[in-house]
Structures are given as C-alpha cells and as structure tokens.
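# Summary of the model geometry
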Amino acid sequence: MKTFYAEEQKRHDPKAFLSSGAPQPNPEKPERVERLLAGAQAAGCTIERPMDHGLGPIAAVHTPEYLDFLEHIFTRWQRIEGASAEVIPNIHPIARGGSYPASAVGQAGYHMADTACPISGETWQSALWSAWSAVEAAEAVMAGAQAAYALCRPPGHHAFADVAGGFCFINNSAVAAQTLRRQAARVAILDVDLHHGNGTQGIFYARPDVLTVSLHADPVRFYPFFSGYADERGEGAGLGFNLNLPLQRKSGDAVFLAALDVAFQRIRAFAPEALVVALGLDAFEGDPFGGLSVTKPGFSRIGEAIARIGLPTVIVQEGGYLCDELGDNLTAFLTGFGGK
Ligand SMILES: [Zn+2]
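Residues numbered from 1 in each chain as written. Predicted model: local features only at pLDDT ≥ 70, side-chain atom pairs only at ≥ 80, totals over all residues. Heavy atoms only, no water.

You'll find the protein chain entered in an unreviewed UniProt entry as Acetylpolyamine amidohydrolase, with Mesorhizobium sanjuanii given as the organism.

Set out below in structure tokens:
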C-alpha cells in the first residue's frame, strides 16, 4: 500500500501538557513516527514523500483566521515579555459568540481548546506536511488505488474548523474526506481512535454529504468530555449523519468489533463512494492512555473487517502513543486490511 510521509512532520516536538492539572511530558513525541514508519514497512508499504499542495485543500475545512493564527502565532508570541517558549493558552472564551480578540494571548485562548497542543517554531510546517500526506493519499485513491495510508503526525481529529486541541492542529481526516469529495458525492469517515473525533464531528456536523462515525471510550470520564455522546446526531441538513458509539472503559476486542458492525450498518445505508479511516492505535490495551483494551490480533481483525466493506479507502493516522507494540499494531491493522 502506498504510504505518504514527509520528514518535516517530525520537527514538531511539544514539551509539556497538563494532565489532571499536573505538568507532564507531552506524549505526542516525534519518536512515534519511527515506530509507525517501521510498522508500515513491515506490512509491505512503500513510503513516498507528498507534494506541497498549498493551503487550498486545508482551507476547504479550516477558517482563514485560524490558519493565519497557526502560521504566525509563534513569532508574535516571542514578542511578549516573559512569555513561555511554546504557545500555550491560559484563558478561553466562555462562549464563542463574542468578539474576536486582537492580542496573541487572546487568540491563543480562542483557537486552542486545551494545553495539549503547544505551538513552537516548527509546528506550522509539521502540521502542513502532515495534512499534505493526507491530501496525497486521497489523490492516490482518486487515481485508482483501492487504499492508501497517510502517516499523519501531528494527528488531526481533535482539530475543529478554527480550534486546535488534543495534540491536533489541522484535521487531516477532514482534509482527506473533503479532497475525496472532488470525485465522490458521499464520503464516510470511520474514526476508530480511543478518543472521540470531536473536531471531525464539528467540521461536518451540519452536512449530509460526509457521514461521521466514531467509536471511542465513553467521554463521561474521558477526553474530550464535552462531546462523543450517543445523542449527538448532527444538525440541520446534517441531522442523522453523525453516529457516536461510546464504549465502556477497558472494553476489549469483542465489544469493539460488535460496535464496528453497528458502524458498518450505518455506513452501508449511507452508500458512500469512498471511506476515510481515522486510525488511532491508542485503543490498544498497552497504550499509555489505558482507555480501552484492544489487542494486537484485534487490530488485525479490525483492519480485515473494514476492508470487507470494499470501499476505496484512505487510512489516516491519528493517535497511538509510545509503547513497545505501537509499530506492530500498525503492521497488524495494515496486514489485516490486506493492502500491500
Ligand atoms: Zn486518541
């Protein structure tokens, strides 16, 4: 299977984030890339560098003011006396209906949902190339490949149209889906990451042409807390085109595969012409987040089950954090999927 990745994606190296109020090392480390590359190669994938696709495919799902913020905020932040080395928000609007702030600190709070997505001087370029890997994978599928894998890092599914969050800046899965829409009348996004794909849901919430389905640990006591519940079904023209399948903490392969069957029923009824898989590997039983208990053979069965839908598929890397099995879990998924 063709795999897309650019070296620039590794430069973003966030240092810290707050977990239950305590400063911790940021788990979205560049080393993830090495493990994932090795995992893709072990599955027989060939690694290719994407082209520079410009801002067009990214601006199709993100607002201009947000992209301007991502590109320039680090330089602006450096002019603040005593500011932190990375851009990290310390104040947020209670509601988003108010005025758009002019200051760097105000805009950081406006455009960043939490402290997990610090912005350094390398972040913008890494996020751009990550998104371009998704664009290139979508274009490979539009050109006739049955599937392609975008090794996206930084990940994307917690990024909304104008908000970063949860290690994510540009929503790569949304960019892939919107790119596929150039040819496909209907696209489905199936998010199997441990965490709810809240940004992806937000971007397509009012649209009937992109079905969003997410399996994840129940957000009642888990990130992202404010969304991911079963009663969120879309709005306006998009009502009925969002499906959330929250799973009990520590659920294993059997529960996950049963929920996947429910997802497939909805996807088949929608009759999409292409599929985006938001592939988080953090549902793994040994992942540091410890939210679900999917096993390595489980990832292989998940890959197999998704391949059986038979749709042209763009696989977009989302979460999955450092543990010995990270690369093996990717190999298991891709081998199960069957795309050489
Ligand atoms: Zn995740």
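After that view, the rundown keeps rolling.
## Concerning the overall build of the protein chain
A tally of helices and strands in the protein chain yields ten helices and ten strands. Here the C-alpha atoms of the protein chain give a radius of gyration of 18 Å, agreeing with the 20 Å that 2.2 N^0.38 yields for 340 residues. The dimensions of the protein chain, computed from C-alpha atoms along their principal axes, are 55 × 45 × 40 Å. Evaluated residue by residue, the protein chain yields a buried proportion of 59% over its 340 residues. Total accessible area on the protein chain is roughly 12900 Å²; 54% of this is exposed by carbon and sulfur atoms. Separation between the mean location of the 26 positive side-chain charges and that of the 36 negative ones in the protein chain comes to 3 Å. (Helix = DSSP H or I, 4+ residues; strand = E, 2+ residues; numbered from the N terminus. Rg over C-alpha atoms; globule rule 2.2 N^0.38 Å. Buried < 20%, exposed > 50% of the residue type's maximum accessible area, 1.4 Å probe, protein only. Areas by Shrake-Rupley, 256 points an atom, 1.4 Å probe, with all protein chains shown as cover. Lys, Arg positive; Asp, Glu negative; His and termini not counted. Charge placed at Lys NZ, Arg CZ, Asp CG, Glu CD.)

## Considerations on the side chain of Thr123
Examined against the element boundaries, Thr123 turns out to sit in helix H5 (residues 123-142). If near-sequence neighbours (up to four positions away) are discounted, Thr123 is found in contact with His12, Pro118 and Phe169. (Contact = heavy atoms within 4.5 Å.)

## As for the pattern of salt bridges
Scanning all chains against the criterion turns up twelve salt bridges. Close ionic contact of Glu8 with Arg49 constitutes a salt bridge, the shortest N to O distance being 2.9 Å. Note that Glu8 is positioned in the loop between strand E1 (2-4) and strand E2 (16-19) and Arg49 in the loop between strand E4 (46-48) and helix H2 (56-59), a separation of 41 residues in sequence. Glu8 gets classed as buried once you look at its relative accessible area, which sits at 13%. With a relative accessible area of 45%, Arg49 lands in the partly exposed category. The shortest N-O distance in the salt bridge between Asp209 and Arg181 comes to 2.7 Å. In this pair, Asp209 is assigned in the loop between helix H7 (198-204) and strand E7 (210-217) and Arg181 in the loop between helix H6 (172-180) and strand E6 (187-191), connecting sequence segments 28 residues apart. Given a relative accessible area of 15%, Asp209 falls into the buried group. Via salt bridges that share partners, Glu28, Arg32 and Arg153 belong to a single interconnected network. (Salt bridge = Lys/Arg side-chain N within 4 Å of Asp/Glu carboxyl O.)

## Comments concerning the layout of surface pockets
Once rolled over the atoms, a probe with the size of a water molecule shows which space is left empty. In this model, the largest pocket occupies a volume close to 880 Å³. Lining the largest pocket we find 30 residues, and of these Ala113, Asp114, Tyr223, Pro224 and Phe225 sit closest to its centre. Taken together, the elements giving at least two residues each to the lining of the largest pocket come down to E2 and helix H4 (104-111). Tallying contributions element by element places E2 first for the lining of the largest pocket, with three residues. Here the lining of the largest pocket is built from residues that sort into 17 nonpolar, eleven polar and two charged. (1 Å grid on protein atoms, 1.4 Å probe; cavity = no way out; pocket = protein on both sides within 12 Å on 5 of 7 lines; lining within 4 Å. Points joined across faces, edges and corners; volume = space filled by probe spheres on them. Nonpolar A, V, L, I, M, F, W, Y, C, P; charged D, E, K, R; others polar.)

## A word on empty space enclosed by the protein
Taken as a whole and assessed by the stated rule, the structure comprises one cavity of 30 Å³ or more. Put simply, the largest cavity is a space of about 50 Å³. The wall of the largest cavity is formed by Ile189, Asp191, His196, Gly197, Thr200, Gln201, Thr212, Val213, Ser214, Asn242 and Asn244. If you list the elements that add at least two residues to the lining of the largest cavity, you get E6, H7, E7 and strand E8 (242-247).

## A closer look at the coordination of the zinc ion
Protein coordination at the zinc ion comes from Asp193 (OD), His195 (ND1) and Asp282 (OD), with a distance range of 2.0 to 2.1 Å. Each donor residue of the zinc ion belongs to the same chain, and together they define the spacing D-x1-H-x86-D. Here the residue His195 occupies a position in the loop between E6 and H7, and Asp282 occupies one in the loop between strand E9 (274-279) and helix H9 (296-307), the gap between them amounting to 87 residues. Taking relative accessible area as the criterion, His195 reaches 5% and is therefore assigned buried. (Donors = N, O, S within 2.8 Å, 3.2 Å for Na, K, Ca; no water.)

## Observations concerning the packing of aromatic side chains
Two aromatic rings, taken as a pair, are described by how far apart their centres are and by the angle between their planes. Taken as a whole and judged by the stated rule, the model has nine aromatic pairs. Judged by centre distance (5.9 Å) and plane angle (65°), the ring pair of Phe241 and Phe270 falls under edge-to-face. Of this pair, Phe241 sits in the loop between E7 and E8 while Phe270 sits in helix H8 (residues 253-270), and the two are 29 residues apart along the sequence. We classify Phe270 as buried; its relative accessible area is 6%. Cluster of aromatic residues (ring-pair linked, three or more members): Phe17, Phe167, Phe289 and Tyr321. One residue, Arg49, lies across the ring of Trp129, its end atom 4.3 Å from the ring centre. Lying across the ring of Tyr110, Arg96 places its NZ or CZ 4.1 Å from the centre. (Phe/Tyr/Trp six-rings, centres within 6.5 Å; stacked < 30°, edge-to-face > 60°. Lys NZ or Arg CZ within 6 Å of the ring centre and 35° of its normal.)

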